Amino acid sequence: MNETMRVGIIGGGLMGREAASAFGRWFVLENFPVQAQLVAVCDLQEKLLDWFRKVPTVRLFTKDHQELLRSSEVDVVYVAVPHNLHERMYLDVLDARKDLLAEKPFGIDLKAACRVRDAAGKSGCFVRCSSEFPFLPGAQRVIQAVRSGRLGRTLEIRSAFCHASDLDPDKPVNWKRQTKFCGEIGVMGDLGMHAVHVPFRLGWKPLRVYAQLQKVYPERPDGKGGLAMCDTWDNAMLHTEVAINGEEVPMRLEMKRLAPGETNTWLIEVLGTNGGARFSTKEPKTLWLFERSKEQSWQRIDLGHQTAFPTITGPIFETGFPDCFLQMWAAFAAERAGQLDNRFGCVTPDEAVLSHLLFAAALESHAGKRVVSLSNS
Ligand SMILES: NC(=O)c1ccc[n+]([C@@H]2O[C@H](COP(=O)([O-])OP(=O)(O)OC[C@H]3O[C@@H](n4cnc5c(N)ncnc54)[C@H](O)[C@@H]3O)[C@@H](O)[C@H]2O)c1
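Residues numbered from 1 in each chain as written. Predicted model: local features only at pLDDT ≥ 70, side-chain atom pairs only at ≥ 80, totals over all residues. Heavy atoms only, no water.

### A closer look at the site of the ligand
Neighbouring the ligand are 26 residues; Asp43, His83, Lys104, Glu132 and Lys176 lie closest to it. In the environment of the ligand, an oxygen atom lies 3.4 Å from a nitrogen or oxygen atom belonging to the backbone of Val81. Contact distances for the ligand include 3.4 Å between a nitrogen atom and a side-chain N or O atom of Ser130. Contact with the protein chains removes 86% of the 850 Å² of surface that the ligand exposes when unbound. The residue inventory of the shell around the ligand, partitioned by class, reads 13 nonpolar, seven polar and six charged. (Near = heavy atom within 4 Å. Polar contact = N/O pair within 3.5 Å; in protein donor to acceptor, adjacent residues only side chain to side chain. Areas by Shrake-Rupley, 256 points an atom, 1.4 Å probe, with all protein chains shown as cover. Nonpolar A, V, L, I, M, F, W, Y, C, P; charged D, E, K, R; others polar.)

### Structural notes on unusual backbone geometry
Cis rather than trans, the peptide bond between Lys104 and Pro105 has omega equal to -10°. On the secondary structure map, Pro105 appears in the loop between strand 5 (99-102) and helix 5 (110-123). The phi torsion at Asn31 lies on the positive side, around 50°, for a residue other than glycine. Mapped onto the secondary structure, Asn31 falls in the loop between helix 1 (14-24) and strand 2 (34-42). In the Ramachandran plot, Arg97 falls in the positive-phi region, its phi being about 60° despite a non-glycine side chain. By relative accessible area, which is 54% here, Arg97 ends up exposed. (Helix = DSSP H or I, 4+ residues; strand = E, 2+ residues; numbered from the N terminus. Buried < 20%, exposed > 50% of the residue type's maximum accessible area, 1.4 Å probe, protein only.)

### Some points on helix 9 (residues 321-336)
Given 3.6 residues per helical turn, the α-helix brings residues three or four places apart onto the same face. Taking 1.5 Å of rise per residue, the 16 residues of helix 9 would be expected to cover 22 Å, and the 23 Å separating its terminal C-alpha atoms lies within 8% of that figure. Most of helix 9 sits out of view: 12 of its 16 residues are buried. Listed in full, the buried residues belonging to helix 9 are Asp323, Cys324, Phe325, Leu326, Gln327, Met328, Trp329, Ala330, Ala331, Phe332, Ala333 and Ala334. Residues of helix 9 that are buried make contact with strand 1 (3-10), helix 1, strand 2, strand 4 (76-79), strand 5 and strand 6 (127-129). Following helix 9 by one or two positions, Gly338 adopts a phi angle in the positive range, close to 75°. (Expected span 1.5 Å × (residues − 1). Contact = heavy atoms within 4.5 Å.)

### Here we look at the packing of aromatic side chains
Counted according to the given criterion, the structure contains 17 aromatic pairs. Each ring, one from Tyr90 and one from Phe106, has its centre 6.0 Å from the other, and the planes form 40°; the classification is tilted. Separated by 16 residues along the polypeptide, Tyr90 in helix 4 (residues 86-95) and Phe106 in the loop between strand 5 and helix 5 bring together distant segments of the chain. With respect to burial, Tyr90 and Phe106 carry one shared label: buried. Over the ring of Phe61 we find Arg53; its NZ or CZ atom is 4.3 Å from the centre of that ring. Stacked on the ring of Phe344, the Lys or Arg Arg201 has its end atom at 5.4 Å from the ring centre. (Phe/Tyr/Trp six-rings, centres within 6.5 Å; stacked < 30°, edge-to-face > 60°. Lys NZ or Arg CZ within 6 Å of the ring centre and 35° of its normal.)

### Topic: the nonpolar core
Counting 117 residues, the largest nonpolar core has Met5, Leu238 and Trp329 as the members making the most contacts within it. The element best represented in this core is helix 9, accounting for 10 residues. Residues within four places of Leu238 in sequence aside, it is in contact with Met188, Val209, Tyr210, Ala211, Leu213, Met251, Arg252, Leu253, Met255, Leu358, Phe359 and Ala362. (Core = buried A, V, L, I, M, F, W, Y, C linked by side-chain atoms within 4.5 Å.)

### Some details on helix 10 (residues 349-368)
With 20 residues, helix 10 should cover 28 Å at 1.5 Å per step; its first-to-last C-alpha distance of 29 Å lies within 8% of that length. Once helix 10 ends, the next one or two residues include Lys369, with phi positive near 50°.

### Quick look at the sheet that holds strand 15 (residues 286-292)
Backbone-to-backbone hydrogen bonds join strands into a sheet, with any given pair of strands oriented parallel or antiparallel. Pairing in this open sheet of nine strands is mixed, and the strands run 16-15-14-13-7-12-11-8-17 from one edge to the other. In this open sheet, the two edge strands, each paired with only one partner strand, are strand 16 (296-302) and strand 17 (372-373). Where strand 14 (residues 275-280) lies against strand 15, five bridges are found, and the strand directions are antiparallel. Bridge pairing links Arg278 to Trp288 in strand 15. Where helix 6 (residues 137-148) meets the sheet, it contacts strand 13 (265-272), strand 14, strand 15 and strand 16, and its direction lies at approximately 165° from that of strand 14. (Pairing = 2+ DSSP bridges. Axes fitted to C-alpha atoms, helices over the stretch in contact; angles between N-to-C directions.)

### A closer look at the sheet that holds strand 6
The six strands lie next to each other as 3-2-1-4-5-6, forming an open sheet whose pairing is parallel. At either end of the open sheet lies a strand with only one pairing partner, and these are strand 3 (60-62) and strand 6. The sheet shows a mean angle of 25° between the axes of neighbouring strands, direction not considered. Here strand 1 pairs with strand 4 via four bridges, running parallel. Each residue of the ladder has a partner; that of Val7, found in strand 4, is Val76.

### A look at the pairing of strand 12 (residues 247-256)
Here strand 7 (residues 154-162) pairs with strand 12 via six bridges, running parallel. Among the inter-strand pairings, Arg158 is bridged to a residue of strand 12, identified as Arg252. Both strand 11 (residues 235-244) and strand 12 contribute to a ladder of 10 bridges, which runs antiparallel. By the bridge assignment for strand 12, Met237 is matched with Glu254. Turn length for the strand 11-strand 12 hairpin, with the two strands adjacent in sequence and antiparallel, is two residues, and the turn residue Asn245 shows positive phi of about 50°.

### Things to note about the pairing of strand 16
Alignment of strand 15 against strand 16, held across seven bridges, turns out to be antiparallel. Note on strand 16: the bridge partner recorded for Glu291 is Ser297.

Set out below in structure tokens:
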């Protein structure tokens, strides 16, 4: 271990604390070139700042993100706040010349994403956006299968991220259900990056989209005995086409808050003329590989803890959410240090802007009930 990456977190809620957990067990990474240390935290809520007091390396606790950004002890900032604050916070991080791991979406809309991407380019800072599921062993094996070329001519692609808890009409509202905080793109901003990261990285960029968007419950309990308005898109199905080796291939992207029975289910399926590959977090140890030889067969492979960045965890054990989140941070740190080599990396600013181009086209498609072309130039 040599270089130390000193991290500050802005937004110590669900994801801010998940990041703290990743830094807290950084030592499980084997022969990793970078140390990581959480040194500063900013949140508006006293009780969350108090939670971080049990992390011994944190020296700065503040409610003012500018105070965190002024600290010369912070090299990298992770921002995990409501979407309406993303652009301002990301630009402030870049103005302070800190490197950034931005939570998705990369700004509340396309214009914001372009401004952040341009500012990132000018600043020279290292900037990536969050998306952790591709770092699961099953996802990595699907990527390998595609890159091997053994699937033959691609027939279709499906990539999805689905939740079910919003099926309960009594689930209280939060900022993610309101457009002014979550953005016009709604569930696409919330879950969409998870569905597009692998396809984009494999070079599958939608040529056009036909979108089906749904709003389901217009109101939810406000947690204070009343009701609050919910006006974001809850479910989105994006029917797209991508060009692969000169052929157009259907790619369906799904992001849903009301998907019966799906608790944080991330899945990817790629079918070709000679083979196929499928992985879902619903069966986190299982990789399905299809092969067409004399007979056609789906092979079920039991996976272990085989991660891109090796850890002390035995290869026969299972992998879970905290593991892929740690792997994502390892990819961020390795790439920042110029040592990603051929491994899979975090979402780039250009990929994040492309996701917003797609989501903006999806809004247009749904409003006009028509297919919308995307210019990827
Ligand atoms: N990568 C993932 O799997 C994943 C999962 C959930 C959420 N997210 C993303 O993470 C981000 C945060 O979501 P969350 O679920 O952690 O939300 P959350 O509501 O649990 O946490 C947000 C935190 O931001 C704090 N905050 C608000 N305004 C602030 C300000 N001005 N300065 C400092 N702190 C402020 C709040 O007090 C809160 O603690 C969002 O962008 C969301 O889309 C990512």
